[in-house]
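# A look at the structure
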Amino acid sequence: MVASAPLRVSRPAALQEKRKNAMTRTPPSGEAFEGVIGATIPESTPWWPAPAFRAGAPNVVMVVLDDTGFAHLGCYGSTIETPNIDALAAGGLRFTGFHTTALCSPTRACLLTGRNHHAVGMRAISNFDTGFPNMRGALPRSAATLAEIVRDHGYATFAAGKWHLAPMAECTAAGPFTNWPLQKGFDRYYGFLQGETDQFFPELTCDNHFVDPPKGPADGYHVSEDLVDRSSAMIRDLVSLAPERPFCLYLAFGAMHSPHQAPKAHLEKYRGRFDAGWDVTREAWFERQKTLGVIPPATRLAPRNPGVKPWSELSLNEQRFAARLQEAFAAMLDHTDHEIGRLIAFLKSVERWDNTLFILLSDNGASQEGGAAGVLDEMKWFNGIREDADEAVLRLDDIGGPDSHCNIPWGWAQAGNSPLKWYKQNTHGGGVRDPLIMHWPAGLAAAGETRGQFCHAIDIAPTILDVLGLETPKTVAGVKQMPVHGLSLKPVFADADATLKRGPQYFEMLGHRGIVADGWKAVTHHAPGAPWDEDRWELYHLADDFSEYEDLAAKEPKRVKAMVDLWFAEAERHGVLPLDDRSAIALFRASMRPGLPMARYRFTYFPPVSHIVADTCPSAARGWTTALTLVHPPGDADGALIARGSLNSGFVLFIKHGKLIFDYNDFHRHTRVTAKSALAPGAHEIGLVVARNDDRGADVTLTVDGAVVGTAHIPRLLFMISSTGMDLGRSLSPVTDDYAAPFAYPGVISKVVFEPARLAPPGETKAHVRAEMARQ
């Protein structure tokens, strides 16, 4: 057989001609290509894009403290020991004109986008969606975060700690995950999604899934230490494997938000330090501020806020209780400073300190949610229950530990805001003027200096981009970007007298309003439900009146009118309107939309399921029924079936010594139902009925396979049971001292059904709103 000659096919003439002049062209993907594509490899030239990052680009660390007032840091006047933060100020710049929005989620939206909070849908906390563009609880794609921008330039982006920039109705294992950190530009995330968390039993998320704390308080666990460990680990991986890449770390501690909890050694360190009371302490901190140069020498100390009693008028037990609460606050801040010191030491150990821009700030002033007397169990305040100091002093040693969820009283909060008036949530100085420190050995020569220029949270992202040599992009991920409202603070790095060319800055929070322009400030304190036109505007000349002490409104009515008109012009420009102080139910209506966990009256779970955050748990305020289907194993089979809350308040259905037990924890007052007989091995239907009655309590019936095995009466059914969510088949945090977390049940739970009573009792929604606002 004769072999046939190979078939040869010439290239089309047109292709041959084109290949003679082969050149760079765009491939079908549309991606840039600067090589040469010929018909064969010898006729082609490969090409690889240059690294997105710039060699020697600075790293960025932004540390955000929560509810830390203008005076709270040692370098801003207090006697609380913060040596590591003080060292940052001594080696960098300390700003005294830094302003925030007066609340958590809005300030964080400003920090990460460089835009005003109303313009990016974050008028208040991310839990709310009012149906208007200024309050959606999520950042629009037209306002890319700092992380999205720097990641496109080759930065590794890490986030740790508090997020609270996603609607809480979306913060379950069902998603949607659109507004979680990893979808907002961060490569890695470890922290908690909500506004606060228990420092010993935190509700943790790693990347896009819920995880357990690595250990408990008995093993020395505290979430601040965990956050620093995880942040360091993320950076260590990067610098070990790709050391040429820069990084951006956003670390938002749970501190100093309540609950104020710290290791025992830190708590003991502050015993007795605040026995002199808030009046003496505030005066001392005020004098230290003048000595340190963080306030002008002629500054006058603002008078006590309404509702703050002179310390001498408190009873002995009220004083003991208030002093111990302040000790816990101080211990927590001291401990947080220690953890910041550990992070700094780590950065030095991996040779990343000198070229790291390290920024530390607070998101708003000290909190007012502790009320006039302070709280041992913060949920009491949300439920309208006054803390009784005579009872609270019987538990003084619990304060600051796992058996407390405490917050400081108004008097101590105002001391922390010295020399200013009002608090977090308010647009007066106590709510919006906060600490800001910048440290950068390779780029800041002015060590230990103070800068007094007015600046705002919207300036932080533009400053970072300026330092990195990056422009604000016109589009990100194909989406046209809205204008940036902030400006770079870099000019003041080298020049203490540099003028920042900025226009007016408005403020609005929960109806409280303010406007700063040309050294003047007009501000109003709004009473909910009062006609907007009846708000009384105050006027201060900030250039001469740091503490907003002397109201000049009566002397300069024309200036007041001009400032109010300017406020409305800025409000129109930035999407502040409509002004909104509607009833509470309007704030949560959006969480009932189809596709979200709360859009139902019957909740059916098929365990095992991930941890469920409090905002998406069935209501426990109205009474409820629970049906649970399980197969109970033989032998030692103790464990938690359903657990909601913590040691401070909550409820748990569990098996101990073989017996079924329901425990309702009303701030350490326990109502318990215990079955007389052990649960037999095999399949069972467990029933729980909690029926609210007219005395604000509830009757409890516990059944097994339809037979009643126990009853009890709960004297008081709480509107808000806990800020800690729910687990099935385990317990993230113990609700009683009968067991240690996670107390996992070894049997099989196949189905759990919750049905809350349909009629909400008076006060439930109000309590829920108060809780969410305080969890900022």
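None of these values were measured; they are calculated from a predicted model. (Residues numbered from 1 in each chain as written. Predicted model: local features only at pLDDT ≥ 70, side-chain atom pairs only at ≥ 80, totals over all residues. Heavy atoms only, no water.)

## Some details on the overall build of the protein chain
Looking only at helices and strands, the protein chain has 17 helices and 29 strands in total. In terms of overall dimensions, the protein chain is globule-like: its C-alpha atoms have a radius of gyration of 29 Å, near the 28 Å expected for 776 residues. Projected onto its principal axes, the C-alpha positions of the protein chain cover 95 × 95 × 50 Å. Within the span of the protein chain, comprising 776 residues, buried residues form 60% of the whole. Sequence separation of 24 or more characterises 73% of the internal contacts of the protein chain that already satisfy a separation of 6 or more. For the protein chain, the accessible surface area stands at approximately 29,800 Å², while carbon and sulfur atoms represent 55% of it. If the 77 positive side-chain charges of the protein chain are averaged to one point and the 88 negative ones to another, these points end up 5 Å apart. (Helix = DSSP H or I, 4+ residues; strand = E, 2+ residues; numbered from the N terminus. Rg over C-alpha atoms; globule rule 2.2 N^0.38 Å. Buried < 20%, exposed > 50% of the residue type's maximum accessible area, 1.4 Å probe, protein only. Contact = heavy atoms within 4.5 Å. Areas by Shrake-Rupley, 256 points an atom, 1.4 Å probe, with all protein chains shown as cover. Lys, Arg positive; Asp, Glu negative; His and termini not counted. Charge placed at Lys NZ, Arg CZ, Asp CG, Glu CD.)

## Description of the pattern of salt bridges
All told, the structure shown has 41 salt bridges when counted by the stated rule. The salt bridge involving Arg123 is made with Glu508; its shortest N-O contact spans 3.1 Å. Of the two residues, Arg123 sits in the loop between α3 (104–113) and α4 (146–151) while Glu508 sits in strand β15 (residues 505–509), which places them 385 residues apart along the sequence. Taking relative accessible area as the criterion, Arg123 reaches 5% and is therefore assigned buried. (Salt bridge = Lys/Arg side-chain N within 4 Å of Asp/Glu carboxyl O.)

## Brief notes about the sheet that holds strand β24 (residues 669–678)
For sheets, the rule is that strands pair by backbone hydrogen bonds, running either parallel or antiparallel. Pairing is antiparallel in the open sheet, where five strands are placed in the order β24-β23-β22-β21-β28. Across the chains shown, the open sheet's two edge strands, defined by having one partner strand only, are β24 and β28 (726–728). Ignoring which end each strand starts from, the neighbouring axes of this sheet average 10° apart. In this sheet, strand β23 (residues 659–666) lies alongside strand β22 (residues 650–656) in antiparallel orientation, the contact comprising seven bridges. For Val652, the partnering residue across the bridge sits in β23 and is Asp663. (Pairing = 2+ DSSP bridges. Axes fitted to C-alpha atoms, helices over the stretch in contact; angles between N-to-C directions.)

## A few points about the environment of Gly216
In this structure, Gly216 sits in the loop between β7 (209–211) and α5 (223–241). On the basis of relative accessible area, Gly216 is assigned to the buried category, the value being 16%. It is 15 Å that separates the C-alpha atoms of Gly216 and Ser404, two residues lying 188 residues apart in sequence.

## Structural notes on the sheet that holds β15
If you walk across this open sheet you meet the four strands as β15-β16-β17-β18, and the pairing is antiparallel. For this open sheet the edge positions go to β15 and β18 (537–541), each flanked by a neighbour on one side alone. For this sheet, the mean inter-axis angle between neighbouring strands, taken without regard to orientation, is 15°. Examined bridge by bridge, strand β16 (residues 512–517) and strand β17 (residues 520–524) share five bridges and lie antiparallel to one another. Opposite Ile515, over in β17, you have Ala522 as the bridge partner. The sheet strands contacting helix α15 (residues 557–574) are β15, β16, β17 and β18, and the helix crosses β16 at an angle near 105°.

## Details of unusual backbone geometry
The peptide bond linking Pro607 to Pro608 adopts the cis configuration, its omega dihedral lying at 5°. When you line up the elements, Pro608 lands in the loop between β19 (603–605) and β20 (623–632). Even without glycine at this site, Trp422 takes up a positive phi of about 65°. By secondary structure assignment, the location of Trp422 is in the loop between α11 (410–416) and α12 (429–432). The buried category is assigned to Trp422, whose relative accessible area is 17%. Within the chain, Gln425 stands out as a residue other than glycine whose phi angle is a positive 85°. Residue position: Gln425 is located in the loop between α11 and α12. Of the residues examined, Gln425 reaches a relative accessible area of 13% and is grouped as buried.

## A look at the pairing of β15
Extensive coverage of β15 is indicated by the burial of five of its five residues. In β15, alternate side chains face the same way, and those of Gln505, Phe507 and Met509 on one face and Tyr506 and Glu508 on the other are all buried. With five bridges joining them, β15 and β16 adopt antiparallel strand pairing. If you follow Tyr506 over to β16, its bridge partner there is Ile515. Taken together, β15 and the strand that follows it, β16, pair antiparallel across an intervening segment of two residues, in which Leu510 is found at a positive phi of about 60°.

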